[in-house]
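Observations on chain architecture
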Amino acid sequence: EHKLRSYILNKLEEIPHISIINEESDSGIISFNIDDIFAQDVAVYLNKYHICVRSGNHCAKILKNETGVKNTIRLSIYFYNTYEELDQVVSLLKDKQKIIDEML
């Protein structure tokens, strides 16, 4: 799980329009946003490609107050995920314009 998390974090950090909220966390949960795109829209977009994420404030309004971030996309990875699956997520998130176009 930690190797998978590190792997995808390194790739996501290379994408300029992605802001990772919990870089220092030890869990397989990665919370992030894409600049200027509503978190729920990103979740719908990824769902089209059979990638399940959570979006919103995750019933953690106190965390929202602490981080100053209202909503996030939450990707949960675990030992049963593969590097190929993570590469697919990264590939889909790289092209911000594609996300916007598919949401129209």
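Look up a bit, the structure's there.
Residues numbered from 1 in each chain as written. Predicted model: local features only at pLDDT ≥ 70, side-chain atom pairs only at ≥ 80, totals over all residues. Heavy atoms only, no water.

**Section: unusual backbone geometry**
One non-glycine residue with positive phi stands out, namely D36, at about 65°. Along the chain, the position of D36 falls in the loop between β2 (29–34) and α2 (39–47). One non-glycine residue, H50, lies in the positive phi region at around 65°. Locating H50 in the fold gives a position in the loop between α2 and β3 (54–56). When its relative accessible area of 73% is taken as the criterion, H50 is described as exposed. (Helix = DSSP H or I, 4+ residues; strand = E, 2+ residues; numbered from the N terminus. Buried < 20%, exposed > 50% of the residue type's maximum accessible area, 1.4 Å probe, protein only.)

**A look at the pattern of salt bridges**
Considering all chains together, one arrives at three salt bridges under this definition. With a shortest N-O distance of 3.6 Å, K96 and D36 are connected by a salt bridge. Here D36 lies in the loop between β2 and α2 and K96 lies in helix α5 (residues 96–103), a separation of 60 residues in the sequence. Residue classification places D36 among the exposed residues on the basis of a relative accessible area of 79%. Among the ionic pairs, K98 bridges to E102, the shortest N-O distance being 3.8 Å. Linking K98 with E102, this pair stays in helix α5, spanning four residues, or about one helical turn. Note on E102: relative accessible area 23%, which makes it partly exposed. Each of K48, K98 and E102 takes part in a single network of salt bridges with overlapping partners. (Salt bridge = Lys/Arg side-chain N within 4 Å of Asp/Glu carboxyl O.)

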